[in-house]
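Residue-level listing of the chains:
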Amino acid sequence: MKVFLSVILIFNLLCLPVLALDLDASVDDEIRKNYNPEKIEEDFVLPSLPRIINEPQLQSKQAISKTSKETYTIIKKSTKINVKLLSGISDRTRKGTQLTFISKYPISTTGYTIPMGTVFQGEIIQSHKPQLSGNGGLIVISINSVILNNEVHPLNAYVTEANFKKIFFNNIKGRRKYINSMFTSMKPGVHCFKHMWAVGDNLAGDGSSIILIPFALALGVTAVAGNIFISPVLALFYKGDSVYLRDGSNFEIKLAQDLFIR
């Protein structure tokens, strides 16, 4: 009996793998019948992984950009700089004439110093000689560049002082002389009055001509009054002062915009 049971047990163990193989094959045939395995593989293809080599390039560009920004120093708007002119100019100097200045003192900022002797360049953007009505000559200068580290940097600056005199609205003007011209035009009347006064004084010494004194004084007063009346008109024909700045003249310039220095 034991031998019989042992034979049956061994037979069952040998048959199980065969049955399992038959079961697996049948299930596989069923799947292939209802689905396309190749299509399933295509649908579930994973995307290709990104190339890691691109990351260092991106970081490198960002690092270069950051470094470029950090290499710029800013000289703030409204900074004043003392310079001197290297060539003489006047109100007769033509518009468009190029000018050169050099800084008289170093200009210190955070992390950078503009050394003494730095070259600033500009040009005359407007000029005219003295005009009628007592108007003086005019020079208008624009400072448009500075040379630093052998590079030309664009600049926007204007003049606030010329030879230690305040300059308003960047206009270097000759003295206006309209009021002075009015007094100048009154000189003939005053001279006439003084002359008539002297005539009256002489007449007073001559008893026979004393009656003419009032007429002489009246003529002198009339000349003065008439001269005062027409002096505003006469002053229109006078011109103001000229402008002349020799080489070495001192200037103060002021930045109209921030200056970026690489």
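Since this is a predicted model, take the numbers as computed values, not measurements.

Calculation notes
Residues numbered from 1 in each chain as written. Predicted model: local features only at pLDDT ≥ 70, side-chain atom pairs only at ≥ 80, totals over all residues. Heavy atoms only, no water. Helix = DSSP H or I, 4+ residues; strand = E, 2+ residues; numbered from the N terminus. Buried < 20%, exposed > 50% of the residue type's maximum accessible area, 1.4 Å probe, protein only. Contact = heavy atoms within 4.5 Å. Areas by Shrake-Rupley, 256 points an atom, 1.4 Å probe, with all protein chains shown as cover. Core = buried A, V, L, I, M, F, W, Y, C linked by side-chain atoms within 4.5 Å. Patch = residues over 30% accessible without salt bridge, like charges linked within 9 Å, V, L, I, M, F, W, Y side chains within 5 Å. Salt bridge = Lys/Arg side-chain N within 4 Å of Asp/Glu carboxyl O. Pairing = 2+ DSSP bridges. 1 Å grid on protein atoms, 1.4 Å probe; cavity = no way out; pocket = protein on both sides within 12 Å on 5 of 7 lines; lining within 4 Å. Points joined across faces, edges and corners; volume = space filled by probe spheres on them. Nonpolar A, V, L, I, M, F, W, Y, C, P; charged D, E, K, R; others polar. pLDDT = per-residue confidence, 0-100.

Undergrad: Before we move on, could you go through the overall build of the protein chain and cite the residues and values that matter?
TA: Each helix and strand counted, the protein chain has six helices and 14 strands in total. Here the protein chain holds 262 residues, and 27% of them are scored as buried. Contacts spanning at least 24 positions in sequence make up 70% of the contacts within the protein chain whose residues lie at least 6 apart. As displayed, the protein chain has an accessible area near 18,500 Å², and 62% of this comes from carbon and sulfur atoms.

Undergrad: Tell me about the nonpolar core, and name the residues and values.
TA: Formed by 30 residues in total, the largest nonpolar core has its most connected members in Phe101, Phe120, Ile141, Ile172 and Phe251. Listing elements by their share of this core, those giving two or more residues are strand 2 (80-85), strand 4 (98-103), strand 6 (112-114), strand 7 (119-128), strand 8 (138-148), strand 9 (151-162), strand 13 (250-255) and strand 14 (259-261).

Undergrad: Explain a nonpolar patch on the surface residue by residue, including any values.
TA: Residues Phe229, Ile230, Val233, Leu234, Leu236, Phe237 and Tyr238 make up a contiguous nonpolar surface patch of about 700 Å² in total accessible area. Tracing the backbone shows phenylalanine 237 in the loop between helix 6 (213-235) and strand 12 (244-245).

Undergrad: How would you summarise the pattern of salt bridges if you had to cite specific residues and measurements?
TA: Tallied over the full model, the rule gives three salt bridges. Across the pair glutamate 161 and lysine 166 runs a salt bridge, and its minimum N-O distance is 3.3 Å. As a salt-bridge pair, arginine 175 and aspartate 241 come within 3.1 Å of each other at their nearest N and O atoms. Here the residue arginine 175 occupies a position in the loop between strand 11 (171-173) and helix 4 (178-185), and aspartate 241 occupies one in the loop between helix 6 and strand 12, the gap between them amounting to 66 residues. When its relative accessible area of 24% is taken as the criterion, aspartate 241 is described as partly exposed. Each of the salt bridges in this network shares a partner with another, and the network as a whole consists of Arg175, Lys177 and Asp241.

Undergrad: So what about the pairing of strand 13? Which residues, and what values?
TA: As a general feature of sheets, a regular strand has side chains that alternate between the two faces. Counting buried positions along strand 13 yields five of six residues, so the element is predominantly enclosed. With five bridges connecting them, strand 2 and strand 13 associate as antiparallel partners. Residue valine 83 lies in a different strand from strand 13, and its bridge partner there is phenylalanine 251. Examined bridge by bridge, strand 9 and strand 13 share five bridges and lie antiparallel to one another. Its bridge partner being in strand 13, tyrosine 158 is matched across the sheet by lysine 254.

Undergrad: With reference to specific residues and values, describe the layout of surface pockets.
TA: One number sums up the size of the largest pocket: a volume of about 270 Å³. In this structure, the largest pocket is lined by 16 residues; those nearest its centre are Ala162, Lys165, Ile172, Lys173 and Val243. Of all the secondary structure elements, the ones that give two or more residues to the lining of the largest pocket are strand 10 (165-166), strand 11 and strand 12. It is strand 11 that provides the largest number of residues to the lining of the largest pocket, a total of three residues. In terms of residue class, the lining of the largest pocket is made up of seven nonpolar, four polar and five charged.

Undergrad: Pulling in residues and values, what's your account of the confidence of the model for the protein chain?
TA: For the protein chain, the mean per-residue pLDDT works out to 76, and 69% of the residues sit at or above 70. For residues 16-25, every residue scores under 50 in pLDDT, and the model assigns this stretch zero contacts once sequence neighbours within four places are set aside. Counted against residues more than four places away or in other chains, residues 63-69, with its pLDDT under 50, gives zero contacts.

Undergrad: Tell me what's going on with the environment of tyrosine 112, and back it up with residues and numbers.
TA: Relative to the helices and strands, tyrosine 112 is located in strand 6. Its relative accessible area of 18% is what places tyrosine 112 among the buried residues. Separated by 149 residues in the primary sequence, tyrosine 112 and isoleucine 261 place their C-alpha atoms 9.1 Å from one another. Those residues within four positions of tyrosine 112 in sequence are excluded, and the remaining contacts are Thr73, Ile107, Leu148, Asn149 and Ile261.

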